[in-house]
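# Residue-level structural notes
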Amino acid sequence: MSLKLNEKFLKGFIGPNEITSLAPQIKTAYETVSTRSGEGADYLGWLDLPVSYDREEFARIKDAAARIRNMCDILVVIGIGGSYLGSRAAIEFVKSPLYNSLPGNKPAVYFAGNTISPSALSDLLKICEGKDLCVNIISKSGTTTEPAVTFRIFRELLEKKYGTEGARERIFATTDKARGTLKTFSDKVGYETFVVPDDVGGRYSVLTAVGLLPIACAGIDIDAMMRGAADARKKYMNADVETNDCLRYAAIRNILYRKGKATEILAAYDPAAQMFCEWWKQLYGESEGKDNKGLFPASVIFSTDLHSLGQFIQQGTRNIFETIIDFKTSPDAVKIPYDPENIDGLNFLAGEDIHNVNRTATLGTLIAHTDGGVPNVVLEIADRSAYSFGYAVYFFELACAVSGYLLGVNPFNQPGVEAYKINMFALLGKPGYEETRANLSARMQDE
């Protein structure tokens, strides 16, 4: 099995019958998902996606990725939120956080349009100097400020470098199937387009063209990734709380939340999972954080963060619990050498594989943190393969949907995200926002 729930470190925090007692509520929440009968059901397209995805578009994704790898040194992926987190998570999870620096990896994949920082954009433009470029712009509408501004800059760069005709062959748009500013413009100028499905929200979209094109460009086996997701769907699409690890994870989270554990920390012992944690934070934070409810999703990478946040986790406020991503195997073997001088006193580790030392650190930390009053949920993941990534994505997506309904919120909307956009548009002088701008100006003067 690619993923397994280990509940050993929950003893003393959750009683033996608590999950069973919650089973009727979990079953109802699951059936709300599986029957598509709850709020936001129009965005449940991801549920059957691993078995019903568009095979023709999938083939086009692989063909486009092959062309991009052949003609580009750098692929710039422009998007924000769910339009970039999933693909970046996959590349770092399966390949490496140092993917762009490792020899033989072509194209390098850089992500832009997820910030309004001029320094970040300027640095990326410097990296791109003298390189052959391709761009994947990802936006449902084409009008979201951060990616739209960045796309303007890179489109101008490509047109100056390659001409209008040459740029057309190097720009790929992932957008709405039939409407919207970006789709209309792409059709007009002749960009190849891929679809952001109407029934899949951004944070659930990593297994659509949104994530799959950049992932395939990095040389990752997207067929294996979809098989992993399909196998997870087959495993977890049932209402048996006693045997279904996905539903049990949803139940555990909610039981701990009701006991005052308001923050869930996703922890991994490999930097390769850092962006996966960022993807997870958006998935759960945007899905559950509404109506004054929801667990706050945080993340750490151990053992690094044991030297910064470890003290707080061990002895700080007891309103947290940890969910551990535990990779059972490593793709790399590094042995600790023998030192004749033994200057660090570590010769007792000579010849030991660092992966085994890391796993020992995992166990030692689990025991220390649970002894310190922090419940720990352990998710054992077989490896860092494309298959396991797809499997884990589906696990977390289904658990998130069930958790949201169990919490009593719509897990597929994000009304709070729009507030900053409205204020920003008004303050920047966008036409149609005059009244909001006047109100904001009055408030700022009062303050």
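Higher on the page you've got the structure.
Residues numbered from 1 in each chain as written. Predicted model: local features only at pLDDT ≥ 70, side-chain atom pairs only at ≥ 80, totals over all residues. Heavy atoms only, no water.

## Observations concerning the state of the cysteines
Within the structure shown, the criterion is met by 1 disulfide. With no disulfide of its own, Cys277 lies 15 Å from the sulfur of Cys400, the closest cysteine sulfur. Here Cys400 is not disulfide-linked; the sulfur of Cys246 is the nearest cysteine sulfur, at 10 Å. The class of Cys400 is buried, set by a relative accessible area of 0%. (Disulfide = S-S within 2.5 Å. Buried < 20%, exposed > 50% of the residue type's maximum accessible area, 1.4 Å probe, protein only.)

## A word on helix α9 (residues 222-236)
The terminal C-alpha atoms of α9 lie 21 Å apart, and with 15 residues this matches the ideal 21 Å at 1.5 Å per residue to within 8%. Along α9, the residues classified as buried are Ile222, Ala224, Met225, Met226, Gly228, Ala229, Ala230, Ala232 and Tyr236. The N-terminus of α9 is capped by Asp221, whose side-chain oxygen sits 3.0 Å from the backbone nitrogen of Asp223. (Helix = DSSP H or I, 4+ residues; strand = E, 2+ residues; numbered from the N terminus. Expected span 1.5 Å × (residues − 1). Polar contact = N/O pair within 3.5 Å; in protein donor to acceptor, adjacent residues only side chain to side chain.)

## Here's the deal with the layout of surface pockets
In this structure, the largest pocket spans a volume of roughly 1,000 Å³. What lines the largest pocket is a set of 37 residues, and nearest its centre among them are Ile80, Thr144, Gly202, Gln414 and Lys421. Only α6 (145-168), α11 (274-288) and α15 (417-428) provide two or more residues apiece to the lining of the largest pocket. In terms of residue count, the dominant contributor to the lining of the largest pocket is α15 (6 residues). (1 Å grid on protein atoms, 1.4 Å probe; cavity = no way out; pocket = protein on both sides within 12 Å on 5 of 7 lines; lining within 4 Å. Points joined across faces, edges and corners; volume = space filled by probe spheres on them.)

## Notes on the sheet that holds strand β4 (residues 133-138)
Spatially, 5 strands are ordered β3-β2-β4-β5-β6 in an open sheet, and the strand pairing comes out parallel. Only two strands of the sheet have a single neighbouring strand rather than two, namely β3 (108-112) and β6 (192-195). For this sheet the average axis-to-axis angle between neighbouring strands, irrespective of direction, equals 20°. Pairing of strand β2 (residues 74-78) with β3 involves 5 bridges; the strand directions are parallel. Looking across to β3, one finds that Leu75 is bridged to Val109. Most of the contacts of helix α3 (residues 55-71) go to β6, to which it runs at about 135°, and overall it touches β2, β4, β5 (171-175) and β6. The strands touched by helix α5 (residues 118-128) within the sheet are β2, β3 and β4, with β2 carrying the most contacts at an inclination of about 155°. (Pairing = 2+ DSSP bridges. Axes fitted to C-alpha atoms, helices over the stretch in contact; angles between N-to-C directions. Contact = heavy atoms within 4.5 Å.)

## Here we look at the pairing of β2
In the case of a regular strand, side chains alternate between the two sheet surfaces. A large share of β2 lies buried, amounting to 5 of its 5 residues. In β2, alternate side chains face the same way, and those of Ile74, Val76 and Ile78 on one face and Leu75 and Val77 on the other are all buried. Handedness of the crossover joining β2 and β3 through helix α4 (residues 85-95): right-handed. With 5 bridges joining them, β2 and β4 adopt parallel strand pairing. Within the sheet, the bridge partner assigned to Ile78 lies in β4 and is Ile137. (Right-handed = clockwise from strand over helix to strand, strands pointing away.)

The analysis is restricted to geometry; functional conclusions fall outside its scope.
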